[in-house]
Amino acid sequence: MDTFIKEKYETWLNETTLTQIEKTELINLEEKEVVDRFSADLEFGTAGIRGVMGMGTNRMNIYIVRQATQGLAEYLNSQNNESTVAIAYDSRNNSSTFAKETARVLAANGIKVFIYKTLMPVPALSFAVRELKCTAGIVITASHNPKQYNGYKVYGSDGCQMTPEAANAVLANIRKIDIFKGIKNSSFTIEMQNGNICYISDEIVKNYYNSVLSQSILSEEASPRILKLTYTPLHGAGLVPVTTVLEMDGFESIDIVEEQKLPDGDFTTCPYPNPEIKEAMQLGIDLMLKNGNDVSIATDPDSDRAGVAVNHRGVPIILTGNEIGILLFDFIYQARIQENKMPENAIVVKTIVSSDLVNLMASKYNVKVVDVLTGFKYIGEQIHLLEEINHVERFLLGFEESCGYLTNPAVRDKDAVNAMLLIAE
């Protein structure tokens, strides 16, 4: 074994703050596994950090989370006198623990923390950052990855994922911090009592729901909500937000896939909880066909991706991310024309890897298409540019082929709750 790797491993093994369970995990590692876990460090980038959970520098664990948070805290404090951070987390194993560890370190560094009381979608975090006028936001999630993974996504004050410049500055801080001795920490309970950590209020949650509902473009009078839906949150954070918004919009026939209804970080019914793939959609499809429903919809664990399967005369058809985006664009355009809600000089933003059929349609509809690099933060950036010139109403839709959609400028990341509303309409 390489000497450098061996020294890192032994440093962790001899660390007195580790629990006995953590030490036992390290002691029982075979040499090959030691090399894998200590030959590299999880890198912090514009999407934060993500990796398989476990002990080691190349794994997601509370020590890596604390170190990343300390680096972020030092960056924020160098930029602002009074920083505030909003935190959300999904249903993955250790997500709530990592979220609280993050809050503790931030509070110990003098940063005010607002944290959701329970699991909430990625878009609800982006919304809260903007609504509470926070300096930054953090979501503990590994999106649609298998159960072994977790992650740490960081957002700027605009509700978009962190810029490359900011991420590089945070990474530079992280590299200087001793993972065990360089972390400021405090008690979650004490910081709550002192008001340095606060739960995000039910009012903010309600405001998010109302913000999503504001994206409705078909009145109930013009289009009665007679659709029969099947929905699965794939054991994730989407259940309450999606069903709440759909019911607020008038949809009454919503059958939930019971086997996938409750949060479950082991994703026992769909080891790869990605609504882009048939295996994850299958239970919803089965229930749709059994009950004779029209459509089966799904959201991934952090509820930023949307999946759709249509009951076409008894034959289920799973739509691709591009097909959903194309259909949404056409629907939004036609419905806005019908309801006299079409803005002048309307804009659709999509990633360069998404279908160019949208460009052909947009040419016919007299809508401008802006193609951006892959990554929803670039779509959020275009909304920000429109906001700066007071033309945010021109934004019709942002989408990427990996099942990410957004029409709501109050959010700056893909929003499957928003997408579910429009897909149902």
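Everything below is about the structure shown above.
Residues numbered from 1 in each chain as written. Predicted model: local features only at pLDDT ≥ 70, side-chain atom pairs only at ≥ 80, totals over all residues. Heavy atoms only, no water.

S.K.: Any chance you could explain the overall build of the protein chain here in plain terms?
M.R.: From N to C terminus, the protein chain includes 15 helices and 15 strands. Relative to the globule expectation of 22 Å for 425 residues, the C-alpha radius of gyration of the protein chain, 22 Å, shows essentially globular dimensions. Across its three principal directions, the C-alpha atoms of the protein chain cover 65 × 50 × 40 Å. For the protein chain, the proportion of its 425 residues judged to be buried stands at 57%. Here the analysis covers contacts within the protein chain between residues at least 6 apart in sequence; of these, 71% occur between residues at least 24 apart. Just so you have it, the protein chain exposes about 17,800 Å², and 49% of that area is on carbon and sulfur atoms. For the protein chain, the distance from the average position of its 38 positive side-chain charges to the average position of its 55 negative side-chain charges is 2 Å. (Helix = DSSP H or I, 4+ residues; strand = E, 2+ residues; numbered from the N terminus. Rg over C-alpha atoms; globule rule 2.2 N^0.38 Å. Buried < 20%, exposed > 50% of the residue type's maximum accessible area, 1.4 Å probe, protein only. Contact = heavy atoms within 4.5 Å. Areas by Shrake-Rupley, 256 points an atom, 1.4 Å probe, with all protein chains shown as cover. Lys, Arg positive; Asp, Glu negative; His and termini not counted. Charge placed at Lys NZ, Arg CZ, Asp CG, Glu CD.)

S.K.: Looking at this structure, I do not really get the sheet that holds strand 8 (residues 254-256). What am I missing?
M.R.: The strands making up a sheet are joined through hydrogen bonds of the backbone, oriented either antiparallel or parallel. Strands sit in the order 8-7-9-10-11 across an open sheet of five strands; the sheet is mixed. Bordering the open sheet on either side are strand 8 and strand 11 (315-318), each of which pairs with just one other strand. Sheet twist, expressed as the mean angle between neighbouring strand axes with direction ignored, is 25 degrees. With five bridges connecting them, strand 9 (residues 295-299) and strand 10 (residues 306-312) associate as antiparallel partners. Considered in strand 10, the bridge of Ser-296 is made with Ala-309. (Pairing = 2+ DSSP bridges. Axes fitted to C-alpha atoms, helices over the stretch in contact; angles between N-to-C directions.)

S.K.: What am I meant to see in a negative patch on the surface here?
M.R.: Together, Glu-220, Glu-221, Glu-247 and Glu-252 make up a negatively charged patch on the protein surface. Along the chain, the position of Glu-221 falls in the loop between helix 9 (202-213) and strand 7 (229-232). (Patch = residues over 30% accessible without salt bridge, like charges linked within 9 Å, V, L, I, M, F, W, Y side chains within 5 Å. Salt bridge = Lys/Arg side-chain N within 4 Å of Asp/Glu carboxyl O.)

S.K.: Help me understand the packing of aromatic side chains, please; the structure alone is not making it clear to me.
M.R.: Note on aromatic pairs: each is described by the distance of the centres and the angle between the planes. Applying the stated rule across the entire model yields 10 aromatic pairs. Ring geometry for Tyr-63 against Phe-180: centres 5.4 Å apart, planes inclined by 65 degrees, an arrangement best described as edge-to-face. Here Tyr-63, found in helix 4 (residues 62-79), pairs with Phe-180, found in the loop between helix 7 (164-176) and helix 8 (188-193); they are 117 residues apart in sequence, far enough to count as distant. The class for Tyr-63 is buried, based on a relative accessible area of 3%. Their ring planes at 15 degrees and their centres at 6.3 Å tell us that Phe-399 and Tyr-405 sit as a pair that is stacked. Given the relative accessible area of 1%, Tyr-405 is considered buried. In this structure an aromatic cluster arises from ring pairing among Tyr-9, Trp-12, Phe-38, Tyr-63 and Phe-180. (Phe/Tyr/Trp six-rings, centres within 6.5 Å; stacked < 30°, edge-to-face > 60°.)

S.K.: I keep staring at the sheet that holds strand 3 (residues 112-115) and nothing clicks. Help me out?
M.R.: Spatially, six strands are ordered 1-5-4-2-3-6 in an open sheet, and the strand pairing comes out mixed. Both outer strands of the open sheet, strand 1 (49-52) and strand 6 (197-199), are each paired with one neighbouring strand and no more. When strand polarity is set aside, the average angle formed by the axes of neighbouring strands in this sheet is 15 degrees. Sheet analysis places strand 3 next to strand 6, joined by three bridges and oriented parallel. Directly across from Val-113, in strand 6, lies its bridge partner Ile-197. Together, strand 1, strand 2 (84-89), strand 4 (136-140) and strand 5 (149-155) form the strand contacts of helix 4, whose direction differs from that of strand 5 by roughly 5 degrees. Contacts between helix 5 (residues 95-108) and the sheet are confined to strand 2, strand 3, strand 4, strand 5 and strand 6, with strand 2 contributing the most and set at about 170 degrees to the helix.

S.K.: Please explain the side chain of Gln-161 as it appears in this structure.
M.R.: On the secondary structure map, Gln-161 appears in the loop between strand 5 and helix 7. Its relative accessible area of 12% is what places Gln-161 among the buried residues. Apart from residues no more than four positions distant in its own chain, Gln-161 is found in contact with Thr-46, Ala-47, Lys-153, Val-154, Tyr-155, Gly-156, Lys-377 and Asp-413.

S.K.: Please clarify how the nonpolar core should be interpreted in this entry.
M.R.: Nonpolar side chains in soluble globular proteins generally cluster together in the buried interior. Of all hydrophobic cores here, the largest spans 75 residues; its most connected members are Tyr-116, Phe-329 and Val-367. The contacts of Tyr-116, once residues within four sequence positions are left out, are Ile-87, Ala-88, Tyr-89, Ala-124, Leu-125, Ala-128, Tyr-199, Ile-200, Ile-204 and Val-205. Listed in part, the 51 residues of the second largest apolar core include Ile-111, Leu-119, Ile-138 and Ala-237. (Core = buried A, V, L, I, M, F, W, Y, C linked by side-chain atoms within 4.5 Å.)

S.K.: Any chance you could explain the environment of Leu-397 here in plain terms?
M.R.: When you line up the elements, Leu-397 lands in strand 14 (residues 395-400). Given the relative accessible area of 1%, Leu-397 is considered buried. Separated by 307 residues in the primary sequence, Leu-397 and Asp-90 have C-alpha atoms spaced 25 Å apart. Here Leu-397 is in contact with Gly-325, Leu-328, Phe-329, Ile-332, Ile-347, Val-348, Val-349, Leu-406 and Thr-407, once residues within four sequence places are set aside.

S.K.: Would you explain the environment of Pro-263 in this entry?
M.R.: Note that Pro-263 resides in the loop between strand 8 and helix 11 (278-291). Residue Pro-263 is classed as partly exposed on the basis of its relative accessible area, which comes to 48%. Considering only alpha carbons, one finds Pro-263 and Leu-234, 29 residues apart in sequence, at a separation of 8.1 Å. What Pro-263 contacts, discounting residues up to four positions off in sequence, is Ser-91, Leu-119 and His-235.

S.K.: Which parts of the structure should I look at to understand helix 11?
M.R.: Spacing of three or four residues puts side chains on the same side of an α-helix, whose turn is 3.6 residues. Between its terminal C-alpha atoms helix 11 stretches 19 Å, which fits the 20 Å expected from 14 residues at 1.5 Å a residue. Where helix 11 bends most, at Gly-284, the angle is about 30 degrees. Those residues of helix 11 that fall on the buried side of the exposure criterion are Ala-280, Met-281, Gly-284, Ile-285, Leu-287 and Met-288. Directly beyond the C-terminal end of helix 11, a positive phi value near 65 degrees is found at Gly-292. (Expected span 1.5 Å × (residues − 1). Bend = angle between axes of the 7 residues up to and from the residue.)

S.K.: Help me out: how do you make sense of the pattern of salt bridges in this one?
M.R.: Close approach of charged atoms lets side chains of opposite charge pair. Within the structure shown, the criterion is met by 21 salt bridges. When the shortest N-O distance is used, the salt bridge between Arg-37 and Glu-33 registers 2.9 Å. In this pair, Arg-37 and Glu-33 are both assigned in helix 3 (residues 31-38), four residues apart and thus about one turn of the helix distant. Arg-37 sits in the buried class, given a relative accessible area of 9%. A network of salt bridges, in which partner residues are shared, links Glu-25, Glu-33, Asp-36, Arg-37 and Arg-59.

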